Amino acid sequence: MKKKAGYTIVGGGIATYSALKSLLRYDPGVQVTVVSEKKPCFCYRAMSPLAGEEGGKEGEIFFNDDLPDFRFIHDRAVALDTENKKITLKDHDQLDFDRLLIATGSTVAVPDIPGIKGDNVFSPGAITDAELLKKAAEKGGKVVILGGGLVGIKKAEALNKMGLSVTVVEQQDNILLPRIDRDGAEIITEKLTRKGISIITGDTINSILPGSQGVALESGRRLEADLVCIATGVRPGVDWLRGSSLNIDLALVVDEKMQTSIEGIYGAGDVVQTRDRITFKKIVSALWPDAFEMGKIAGTNMAGGELEYEGSLENLNSTEIEDIPFITAGNIIPRDKGYEIVTQRNNNSYKKLVFQDDRLAGAIFLGNISRAELYTSLIKTGISLGSMKEKLLAGESITYSDFFMKNPMLANYANL
C-alpha cells in the first residue's frame, strides 16, 4: 500500500487553522506538522486583551479547541530549501517536508527611529505584547500612538477608556485611510476628539526621547509621553524565504489554487500576493475572512482537491468606533476616471456609493448600516444593476425584493 503523503504548515494563524481543518476533512488520518513560533497557537491578534476593546475574552482570542490531532513544533522557520525539501528551523535544525503550506502571516512594521527600542515603547502584535502594554497602561499617564489606522485607533479607544491621556499621530492627512474616505474620517475624528483623544495628522515621530521625556515630531513639536505605542501597519512575513527560489513580488506569489511557483508548495493569508477582484491590481490582503478562505482552498488543493480563489477586495471592513458602526467595501477612493459617485451625509451618518459602468464598485456605510450587506454582496459578485442604478444614483435605498423580483437567481448571493 502506498504511504500517504505528509503535510507541513509553517504559521500559526487563521489560514493555518482553516487549512488544517480542510486537509483533515479531505484526507482523514493524514499526518500534519505545524511549525509556529506563536505559543499559544491560533490566536486572533486583533482581539488583544486591552480593557475597553471589543472581545478580549479567551474564547474569542483562541480558536484551537475543535481541531484534530497534529504534530506541533514550537520554533521559527528561518530558511527554505525547495530543491531538497527542507526547512531550516532556529532551534531544531532541519525539517523535511513533502507538501508545504506557507502561512507565516505578517510582522509588525516597526519604523527605524531613534529610541524605538525603549522600555516604554510597545508594538502590539502578539498577545504577550498587548499584555505588557496593558500592564504598563494600568499605571496611568500619557500615551502617544504612532499610526492612525484601525489598529492605532482601536488602541486609542481602549487606552482612553482606561483613563490615560491619549494622542494619536498620523502621517497622512486623515486617520483610517484607506479603510474609509476623508468625509468618513472627519466624522470619526470629531467623535474621538469629543471623547478626549487628541488627533494630530500630517505629522510623524522623529525620535522617542529617553525615559518619559516624550517624543519629538517631524514638525518640531514635542509631546509628553509616559508610553509610546507603535501602530504603523504590517508587512508580509517573507524574509525567511528570500534565499529560496520562490517567486516573491509584493509578497509570496501564488496562483488561483494558492500554489506557488513550485509544485507542492502553497501559500495562504497575508503572506501572499493576490489580486483585487474589482480593480485587478496586485494586493496583499490582511483581512481575516480572506485568510480563512485562502487556507481552506490551499488545504483542500494540497490534499488533491480542485478549488480556486476568486481574489480579494482591497477594502472590506466592518467595525465600530466610539459607538459609530461603519462598513466599507470595494473601491471607495477611486483614483482613475470613469467612476460615478453619490454621497449622503448628516451628523453622524454618512453613505457613499461608487459606480463603475453598470456595477457597484465601492460603498461606505457609517452610522446607519442598514442593508449594507446587500451592497457588499453586489460589490463582491459584480452583478449588473440595470434600472436599479438610477434608483441608487437618486439617493434612494433598495431592498432584497428589488433584486428578487427582477431575477430570482440573485437570491443565491444574499448571504455572501
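Residues numbered from 1 in each chain as written. Predicted model: local features only at pLDDT ≥ 70, side-chain atom pairs only at ≥ 80, totals over all residues. Heavy atoms only, no water.

Student: Break down the confidence of the model for the protein for me, with residues and values.
Tutor: Counting all residues, the mean pLDDT for the protein is 86, and 86% of those residues have values of 70 or more. Every residue in residues 51-62 is under pLDDT 50, and counting partners more than four places away or in other chains gives 29 contacts. (pLDDT = per-residue confidence, 0-100. Contact = heavy atoms within 4.5 Å.)

Student: Provide a residue-level description of the sheet that holds strand β14 (residues 215-217), including the pertinent values.
Tutor: Strand order across the open sheet formed by three strands is β13-β14-β15, with antiparallel pairing between neighbours. Bordering the open sheet on either side are β13 (205-208) and β15 (222-223), each of which pairs with just one other strand. Pairing between β13 and β14: three bridges, direction antiparallel. Across the sheet, Ile 208 pairs through a bridge with Val 215, a residue of β14. (Pairing = 2+ DSSP bridges. Helix = DSSP H or I, 4+ residues; strand = E, 2+ residues; numbered from the N terminus.)

Student: Tell me what's going on with the sheet that holds strand β16 (residues 227-230), and back it up with residues and numbers.
Tutor: Spatial ordering of the open sheet is given by β9-β16-β10-β11-β12, a layout of five strands whose pairing is parallel. Each having just a single partner strand, β9 (121-122) and β12 (198-201) make up the two edges of the open sheet. With four bridges connecting them, strand β11 (residues 165-170) and β12 associate as parallel partners. In the sheet register, Thr 167 faces β12, and the bridge partner there is Ser 198.

Student: Give a description of the pairing of strand β2 (residues 32-36) that names residues and reports values.
Tutor: A regular strand carries its side chains on alternate faces of the sheet. Where burial is concerned, most of β2 is hidden: five out of the five residues are buried. Residues Val 32, Val 34 and Ser 36 of β2 are buried on one face, and the alternating residues Thr 33 and Val 35, pointing to the opposite face, are buried as well. In terms of strand pairing, strand β1 (residues 7-10) meets β2 through four bridges, oriented parallel. Each residue of the ladder has a partner; that of Val 10, found in β2, is Val 35. Taking the sense of rotation as the criterion, the β-α-β connection linking β1, helix α1 (residues 14-26) and β2 turns out right-handed. Note that β2 and strand β3 (residues 71-74) share four bridges and pair parallel. Note that in β3 the partner of Val 34 across the bridge is Phe 72. (Buried < 20%, exposed > 50% of the residue type's maximum accessible area, 1.4 Å probe, protein only. Right-handed = clockwise from strand over helix to strand, strands pointing away.)

Student: With reference to specific residues and values, describe helix α6 (residues 288-302).
Tutor: Given a rise of 1.5 Å per residue, 15 residues ought to cover 21 Å, and the 21 Å separating the end C-alpha atoms of α6 matches this to within 8%. Within the sequence span of α6, burial applies to Asp 290, Ala 291, Met 294, Gly 295, Ile 297, Ala 298, Gly 299, Thr 300, Asn 301 and Met 302. Of the surrounding elements, those touching the buried residues of α6 are β1, α1, β7 (99-102), β19 (265-267) and β20 (272-275). (Expected span 1.5 Å × (residues − 1).)

Student: So, the pattern of salt bridges: which residues are in play, and what are the values?
Tutor: The final tally for this structure, using the stated rule, is 16 salt bridges. Between Arg 76 and Glu 37 there is a salt bridge, with its nearest N and O atoms 3.7 Å apart. Here Arg 76, found in the loop between β3 and β4 (77-81), pairs with Glu 37, found in the loop between β2 and α2 (58-61); they are 39 residues apart in sequence, far enough to count as distant. Among the residues examined, Glu 37 registers a relative accessible area of 52% and is labelled exposed. Overlapping salt bridges bring together Asp 183, Glu 186 and Arg 345 as one network. (Salt bridge = Lys/Arg side-chain N within 4 Å of Asp/Glu carboxyl O.)

Student: Break down unusual backbone geometry for me, with residues and values.
Tutor: The omega torsion across Leu 177 and Pro 178 is 0°, close enough to zero to call that bond cis. In this structure, Pro 178 sits in the loop between β11 and α5 (182-194). Phi angles above zero are rare outside glycine, and Glu 322 is one such case at about 50°. Within the secondary structure, Glu 322 is located in the loop between β22 (316-321) and β23 (324-330). Overall, the relative accessible area of 5% leaves Glu 322 in the buried class. Here the phi dihedral of Asp 323 falls at roughly 65°; this positive angle occurs in a residue that is not glycine. Inspection of the secondary structure puts Asp 323 in the loop between β22 and β23.

Student: Kindly report on the nonpolar core, identifying the contributing residues and their values.
Tutor: With 44 residues, the main nonpolar core has Val 32, Leu 80, Ile 87, Leu 101, Ile 102 and Met 258 as its most contacted residues. Elements that contribute at least two residues to this core include exactly β1, α1, β2, β4, β5 (86-89), β7, β19 and α6. A total of seven residues in this core trace back to one element, the largest contributor, which is α1. (Core = buried A, V, L, I, M, F, W, Y, C linked by side-chain atoms within 4.5 Å.)

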